[in-house]
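Close look at the chain arrangement
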Amino acid sequence: MDVRKEAGVENMGGLENGEMELINRLARRELKGSEVYVFQLRLCDNEIDREGERFSRETLEGLAPLFVGKSGIFDHNWSAGGQTARIYRTEVVEEPGKVTGAGDGACFLKGWAYMLRTPGNEELIAQIEGGIKREVSVGCAVERSVCSICGEEMGSCRHVKGRTYNGKLCWAELTGAKDAYEWSFVAVPAQRGAGVMKALSPALKELARGNGRAMEELLELEKEARMGRRYLDQLRREVVRLAAVSEPGLETRVVRAMVDKLGEEELEAMKRLLSHQGRERLEGGVQLTYPGTGTAERAGDGAFLV
């Protein structure tokens, strides 16, 4: 599976010892320090994100060498004209004293990138130093998305990301680094901090590699897929809420387990039915029923029925 993760950029300042040697391994001619501008990137980390996913430390270490040599672009436009900088060094960095939501020590994948000091890059360099260009998005591929509760492939089990089971939070562990595609300066990141966005399969990405138009269409499909997932999540939550109003006798966990298996059409039909039942329940008859005064059918509804 492919993933994309948002992070940040910071100005590196002066070149450290040995930096030019690493940069010149990627250059076609030997460059001088005065010809290049370098900056640092926080590419991705091992924290649980808003979509309930995270990279394992082992995956970050596997991604580190894969990002070396990858060029930076704008808004995931894979045209040669959009290439601006290139990563020449990476390292997994510890964050002392910080613990992730998974309970282990926090760390992140750091990249060092360079670009040429040319008239065409002056504005971009100024924007980086001024804090305007801060967010980047990286695209990469991993082998598995593993459920933290049962260890099965996420989506093949009954567990749902973001929910708690017997006191343990469920998330998807992204494991097995396969490839690093690109990193991109983005105007507005899809998620704050370091959020994971699923993308299309590596096979489709490989087919589109080198074809700017095809890659653009694939990335647009990714956006639409993310919107669809968010819509279904909202629809499922709404159905659970309506069920609690119209059928208070049903256990919430049972309703959630049921709606997690339904598609859009079934969820929409269920929402219409429950909305209708809820209106009838709230608008019709006596609104309060007390024990011993209601009908036999309502005897089990509790002290008050609104």
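Counting starts from 1 at the beginning of each chain's written sequence and moves along it residue by residue. Where local features are concerned, this predicted model is filtered to residues with pLDDT of at least 70; where side-chain atom pairs are given and counted, the filter is 80 or more; whole-chain, interface and lining totals use all residues. Side-chain numbers come from the whole structure's heavy atoms, not from hydrogens or water.

**Focus on the overall build of the protein chain**
Heads up, the condition is: In this text, helices come from DSSP runs of H or I with a minimum length of four residues, and strands from runs of E with a minimum of two, each type numbered from the N-terminal end. Each residue's exposure class comes from its accessible area (1.4 Å probe, protein chains only) as a fraction of the maximum for that residue type: buried when under 20%, exposed when over 50%, partly exposed otherwise. The contact definition used throughout considers only heavy atoms, calling two residues in contact when any of these lie within 4.5 Å.
Along the backbone of the protein chain there are seven helices and eleven strands. The 306 residues of the protein chain split such that 41% are buried. Long-range contacts, defined here as pairs at least 24 residues apart, represent 70% of the contacts in the protein chain between residues at least 6 apart.

**Looking at the packing of aromatic side chains**
Here is the rule: Note on ring pairs: Phe, Tyr and Trp rings are taken, using the six-membered ring of Trp, and paired if centres are within 6.5 Å. Classes follow the plane angle, with under 30 degrees stacked, over 60 edge-to-face and the rest tilted. Counting as a charge over the ring demands two things of the Lys NZ or Arg CZ atom: a distance within 6 Å of the ring centre and an angle within 35 degrees of the ring normal.
According to the stated counting rule, one finds three aromatic pairs in the structure shown. Lying over the aromatic face of Phe108, Arg42 brings its terminal NZ or CZ to 4.2 Å of the ring centre. Across from the ring centre of Trp112, 3.7 Å away, lies the NZ or CZ of Arg89, which sits over that ring.

**Points about the pairing of strand β2 (residues 36-45)**
This is how it is decided: Only strands that DSSP links by at least two bridges are regarded as paired with each other.
The buried count for β2 comes to nine of ten residues, which makes it a mostly enclosed element. Of the strand pairs in this sheet, β2 and strand β6 (residues 105-116) are connected by nine bridges, and their pairing is antiparallel. Opposite Val38, over in β6, you have Tyr114 as the bridge partner.

**Considerations on the pattern of salt bridges**
Convention followed: Salt bridge, as used here: a side-chain nitrogen of Lys or Arg that lies within 4 Å of a carboxyl oxygen of Asp or Glu.
Following the criterion strictly, the structure yields 13 salt bridges and no others. With a closest N to O distance of 3.3 Å, Asp45 and Arg42 form a salt bridge. In this structure, Arg241 engages Glu238 in a salt bridge whose closest nitrogen and oxygen atoms are separated by 2.7 Å. Of this pair, Arg241 and Glu238 both sit in helix α5 (residues 212-246), separated by three residues, roughly a single helical turn. The partly exposed category is assigned to Arg241, whose relative accessible area is 45%. Where salt bridges share partners, they join Glu19, Arg89 and Glu91 into one cluster.

**Quick look at the state of the cysteines**
As used here, a disulfide is simply a covalent bond connecting the sulfur atoms of two cysteines. To keep things clear, this is the line we draw: Two cysteine sulfur atoms make up a disulfide if the distance between them is within 2.5 Å.
As enumerated under the stated definition, the model contains zero disulfides in all. Free cysteine Cys150: the closest other cysteine sulfur is in Cys157, separated by 3.7 Å.

**Some remarks on the nonpolar core**
Spelled out, the test is: Residues enter a nonpolar core if they are buried and are Ala, Val, Leu, Ile, Met, Phe, Trp, Tyr or Cys, with the set joined through side-chain atoms within 4.5 Å.
Counting 28 residues, the largest nonpolar core has Phe39, Phe67, Leu109 and Trp183 as its most contacted members. Sorting the residues of this core by element identifies β2, α2 (57-67), β5 (85-99), β6, α3 (122-129), β7 (135-147) and β10 (172-185) as the ones contributing at least two each. Looking at this core element by element, the count peaks at five residues for β2. Counting ten residues, the second largest nonpolar core, distinct from the first, contains Leu235, Val239, Leu242 and Leu274.

**As for unusual backbone geometry**
Its identity is not glycine, yet Asn166 carries a phi of approximately 55°, on the positive side. Within the fold, Asn166 resides in the loop between β8 (164-165) and β9 (168-169). Take Asn166: its relative accessible area is 86%, and that puts it in the exposed class.

**Details of α2**
Note on helix geometry: an α-helix contains 3.6 residues per turn, so any two residues three or four positions apart are oriented the same way. This is how it is decided: By construction, the arc corresponds to the directions joining the helix axis to the C-beta atoms.
Burial in α2 covers these residues: Thr59, Leu60, Leu63, Ala64 and Phe67. Buried residues of α2 fall within an arc of 150° about the axis and therefore sit on the same side. Residues Glu58 and Pro65 are exposed on α2 and point more than 90 degrees away from its buried face. Just beyond α2, the residue with positive phi is Gly69, at close to 90°.

**Concerning the confidence of the model for the protein chain**
This is how it is decided: You can read pLDDT as the predictor saying how much it trusts each residue, on a scale of 0 to 100.
Chain-level statistics for the protein chain give a pLDDT mean of 76 and a share of 73% at 70 or above. Model confidence for the protein chain, summarised as mean pLDDT per element, is weakest for strand β11 (residues 196-198) at 29 and strongest for α2 at 95. Confidence drops under a pLDDT of 50 for residues 188-202, and excluding neighbours within four residues, the segment shows 56 contacts in the predicted structure.

**Overview of the side chain of Arg54**
For Arg54, the position within the fold is in strand β3 (residues 53-55). Given a relative accessible area of 5%, Arg54 falls into the buried group. Beyond its immediate stretch of four places on either side in the chain, Arg54 contacts Asn46, Glu47, Ile48, Asp49, Thr100, Ala102, Asp104, Trp171, Ala172, Glu173 and Leu174.

**A closer look at the side chain of Asn121**
Summarising the element assignment, Asn121 is placed in the loop between β6 and α3. With residues near it in sequence (within four places) discarded, Asn121 still touches Thr84, Met115 and Leu116.

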